[in-house]
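Each chain, letter by letter, is given below.
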Amino acid sequence: MKNLKIYFLLILAGALISSCDDFLDVKNNTLLDRDTYFQTDLDLMRMLSASYSNMADVRLYANHYWRQRALLTNDVFTIETEDDLAGNYNFNFREDSKELRGIWSSLYKGIRRANTVIKERPETIQDSLLIKRAKAEAKLLRANYYFTLIMQWDFVPFRDEHNMDLFTVPQFTREEILDFVQLELKEIIAEKSLPNSYSGKVNEEQGRVTMWFAKGLLAKSYLFFDEPEKAQPLFKDIIENGGFVLMQNAEDIMNVNNRFSPENLFEVLYDHQVGGPLFWFDDGLNASEGTQRNVYLEAMVQDGNDPDKIGGYQNLRPTDDLINTFEPGDFRLTAFIRQKGDTLYYRNPRIIGGEVGDYVISTSDDPVIAKGLTSKANNPAGNDESFPVMRLADIYLMYAESLIGSNEAEAMRYIDLVRDRAFYSPIDQEVRPHLSTQELVNGGKSLMQVIKDERRKELCFEGHRYNDLRRWGDLNTIVSKIDGESRYIEGRAFYPVPQQEIDKSGGVLIQSPNYK
């Protein structure tokens, strides 16, 4: 982190010598005057809301982020042949890819909004505790944006509250950015400036980041970068003291009725009412992102002239390899994937406005992704399901992984909790018979392989699989075409820096070596 520390000192010195009195509107790139905007605590909290709402962007959790990550695995394939999806599926990442640049831009937009909150201090605000908490929230959101960034790019520019308006900033390695993220998270935890939970009004407080998410993200960063012994006490603290519980059955995980789920450490919120009541969408600048996941996740109408237009996520299909990973009786299969003969609800995009006729029932011909899609019975108006950024099942499996070689009996206990939920029958209201983790190991599987399989099944279509394959060193052996031939291109484990960003920086940013 030495280079980043030196750079930080330089930009801090520059900030002390000269500062700008104007700053950019986060959406419209028009100048706002600090004298007229940052006056009250409401102004501060609205700008913080803009940093939250950015996560609901179509280019992030609403669609593109998790979709692009899934494409690079053996969990899905695409029927597209000419667009970004087809090229990225085969690791032929283009430097001018609109979708990849969209993800990059949205992450930096979220970072900039968080930086603005961290930098500004309303003159009339009296509640210093509120300022402290708001800035801690912004720092945690920024840390999450940066961590998400280095999961996709290996050489990225660093912008904080001191240089957030500059395009001409140097790049740093993902390890250097990681050091910054971990330092920020440790400071948040040490200062205790975030609560463990919120007791305020649902629309104003529920859904904010907490101390538990800070600990979870720090633990995850340790595990992902080969320091499992540092992750263990953090995972254990979350499990024993966080008060989180697994939802009863698999269909509850991304259900419209389970917003603020007791399983989720942090979730991205959506509301079919544009500009709905949730604090995420009250930024006062009209800068909030789209709030309806159904705009992006709606299924195509089944068309006799085009049999590919079926329900589910239209461009991606689950692979047989993923489907065959589920054991008989595992209810996650029917909760996450619809197969031939299953009933699937989907929106009819040919009908605009109103609820009448929005949904029809289709029998799917090919397997389709159903995780995170609502049904007419749950919500006739749109998809309000939250998207889990981190949830307890993920914590259980990461904790189990961190214990390999030190306490494998404990690891098996938490894997079994995830598996027991997977075999819970909502019809019988009991856990159906299935193999325990110990029995799977006795049958010849390594404990690590059991964890790999469970993470694949439990977290499918949530954006985790590719990061797992890369950190495990499994890309070349696992990622294959439908015919079994590897499609991974050596050196393409990370995306190229968008060419438009390089051009905009005047050549200060450079392309990753593997794309030159």
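So, here is what we can say about the structure in this document. (Residues numbered from 1 in each chain as written. Predicted model: local features only at pLDDT ≥ 70, side-chain atom pairs only at ≥ 80, totals over all residues. Heavy atoms only, no water.)

1. Brief notes about the overall build of the chain
- The helix and strand inventory of the chain stands at 20 helices and 14 strands.
- Counting only contacts in the chain whose residues sit at least 6 apart along the sequence, the fraction spanning at least 24 positions is 68%.
- When the accessible surface of the chain is summed, it comes to about 21,100 Å², and 49% of that surface belongs to carbon and sulfur atoms. (Helix = DSSP H or I, 4+ residues; strand = E, 2+ residues; numbered from the N terminus. Contact = heavy atoms within 4.5 Å. Areas by Shrake-Rupley, 256 points an atom, 1.4 Å probe, with all protein chains shown as cover.)

2. Brief notes about the nonpolar core
- Residues Tyr61, Leu140, Tyr146, Ile395 and Phe461 are the most contacted members of the largest nonpolar core, which totals 126 residues.
- Looking at this core element by element, the count peaks at 13 residues for helix 7 (residues 128-150).
- When neighbours within four sequence positions are excluded, Ile395 is seen to be in contact with Gly216, Phe235, Ile238, Ile239, Leu265 and Met390. (Core = buried A, V, L, I, M, F, W, Y, C linked by side-chain atoms within 4.5 Å. Buried < 20%, exposed > 50% of the residue type's maximum accessible area, 1.4 Å probe, protein only.)

3. Notes on the packing of aromatic side chains
- Tallying each qualifying case throughout the model produces 20 aromatic pairs.
- Look at Phe91 and Tyr488: their rings are 5.3 Å apart centre to centre, the planes differ by 85°, and that puts the pair in the edge-to-face class. One end of the pair, Phe91, is in the loop between helix 5 (84-89) and helix 6 (98-119); the other, Tyr488, is in the loop between helix 19 (475-478) and helix 20 (499-504), with 397 residues separating them in the sequence. Each member of the pair, Phe91 together with Tyr488, is buried.
- Feature note: the residues Phe91, Phe93, Trp104, Tyr108, Tyr146, Trp153, Phe158, Phe172, Phe180, Tyr466, Tyr488 and Tyr495 constitute an aromatic cluster, connected by ring pairs. (Phe/Tyr/Trp six-rings, centres within 6.5 Å; stacked < 30°, edge-to-face > 60°.)

4. A look at the environment of Leu265
- You can see Leu265 is positioned in strand 6 (residues 264-268).
- Between the C-alpha atom of Leu265 and that of Val209, which follows or precedes it by 56 residues, the distance is 8.0 Å.
- Aside from chain neighbours lying at most four places away, what touches Leu265 is Thr210, Trp212, Phe213, Ile238, Phe244, Met390, Arg391, Leu392 and Ile395.

5. Looking at helix 17 (residues 447-458)
- Relative to the 16 Å expected for 12 residues at 1.5 Å per residue, helix 17 spans 16 Å between its end C-alpha atoms, a close match to the ideal helical length.
- Buried residues dominate helix 17, accounting for 10 of its 12 residues.
- Every buried residue of helix 17 is listed here: Leu447, Val450, Ile451, Lys452, Asp453, Glu454, Arg455, Arg456, Lys457 and Glu458. (Expected span 1.5 Å × (residues − 1).)

6. Here's the deal with the packing of helix 6 against helix 7
- Two elements in contact, helix 6 and helix 7, have axes separated by 9 Å at closest approach and are oriented at 155°. Between helix 6 and helix 7, the crossing angle belongs to the class labelled roughly antiparallel. Considering the relative orientation of helix 6 and helix 7, their crossing is left-handed. From helix 6, Leu107, Tyr108, Gly110, Ile111, Ala114, Asn115, Val117, Ile118 and Lys119 reach across to helix 7, where they touch Ala134, Lys135, Ala138, Lys139, Arg142, Tyr145, Tyr146, Thr148 and Leu149.
- Looking at side-chain class alone, the contact of helix 6 with helix 7 contains 11 nonpolar, three polar and four charged residues. (Axes fitted to C-alpha atoms, helices over the stretch in contact; angles between N-to-C directions. Parallel < 35°, antiparallel > 145°, perpendicular 65-115°, else oblique. Left-handed = near helix turned anticlockwise from the far one by under 90°. Nonpolar A, V, L, I, M, F, W, Y, C, P; charged D, E, K, R; others polar.)

7. As for the pattern of salt bridges
- For the structure on display, the rule yields 38 salt bridges.
- One salt bridge in this structure joins Glu454 and Arg419, with 2.8 Å as the shortest N-O distance. Of the two residues, Glu454 is situated in helix 17 and Arg419 in helix 15 (residues 408-422); the sequence distance between them amounts to 35 residues. There is no split in this pair, since Glu454 and Arg419 are both buried.
- Because the salt bridges share partners, they merge into one network encompassing Glu263, Glu327, Asp330, Arg332, Lys371, Arg391, Arg419, Arg421, Glu454, Lys457, Glu458 and Glu462. (Salt bridge = Lys/Arg side-chain N within 4 Å of Asp/Glu carboxyl O.)

8. Topic: the environment of Asn88
- Considering the arrangement of structural elements, one finds Asn88 in helix 5.
- Judged by relative accessible area, which is 1%, Asn88 ranks as buried.
- Placed 19 residues apart in sequence, Asn88 and Arg69 show a C-alpha to C-alpha distance of 9.6 Å.

9. Considering unusual backbone geometry
- A positive phi is found at Phe91, a non-glycine position, where the angle reads about 65°.
- By relative accessible area, Phe91 is classed as buried at 0%.

10. Here's the deal with the pairing of strand 12 (residues 387-391)
- In terms of residue burial, strand 12 counts as a mostly covered element, since five of its five residues are buried.
- In this structure, strand 6 lies alongside strand 12, joined through four bridges in antiparallel fashion. Each bridged residue has a counterpart across the sheet, and for Glu267 the counterpart in strand 12 is Pro388. (Pairing = 2+ DSSP bridges.)

11. Regarding the side chain of Glu401
- The topology assignment puts Glu401 in helix 14 (residues 392-402).
- A polar contact of 2.8 Å, which involves the side chain of Glu401, links it to the side chain of Arg471.
- Once residues lying within four places of it in the same chain are set aside, the contact partners of Glu401 are Leu223, Met448, Ile451, Arg455, Arg471 and Trp472. (Polar contact = N/O pair within 3.5 Å; in protein donor to acceptor, adjacent residues only side chain to side chain.)

12. Structural notes on the environment of Lys220
- Note that Lys220 resides in helix 9 (residues 211-224).
- Lys220 gets classed as buried once you look at its relative accessible area, which sits at 9%.
- Along the backbone, Lys220 and Phe235 are 15 residues apart, and their C-alpha atoms lie at a distance of 8.6 Å.
- When sequence neighbours within four positions are dropped, the list of residues in contact with Lys220 reads Phe147, Phe235, Met390, Met398 and His464.

13. What to know about helix 7
- With 23 residues, helix 7 extends 33 Å between its outermost C-alpha atoms, agreeing within 8% with the 33 Å of an ideal straight helix rising 1.5 Å per residue.
- Extensive coverage of helix 7 is indicated by the burial of 19 of its 23 residues.

14. Remarks on the side chain of Thr319
- Inspection of the secondary structure assignment puts Thr319 in the loop between strand 7 (316-318) and helix 12 (320-323).
- Polar side-chain contacts of Thr319 include one of 2.7 Å to the backbone oxygen of Asn74.
- Residues contacting Thr319, with those up to four places away along its chain left out, are Asn74, Asp75, Val76, Phe77, Arg456 and Ile482.

15. Describing the packing of helix 7 against helix 8 (residues 174-191)
- Contact geometry for helix 7 and helix 8: axes closest at 10 Å, N-to-C directions at 155°. Taken together, the axes of helix 7 and helix 8 are roughly antiparallel relative to one another. At the point where helix 7 passes helix 8, the crossing takes the left-handed sense. Here Lys132, Ala136, Lys139, Leu140, Arg142, Ala143, Tyr146, Phe147 and Ile150 of helix 7 lie close against helix 8, whose contacting residues are Arg174, Ile177, Leu178, Phe180, Val181, Glu184, Leu185, Ile188 and Glu191.
- Classifying every residue of the contact of helix 7 with helix 8 by side-chain character gives 12 nonpolar, no polar and six charged.

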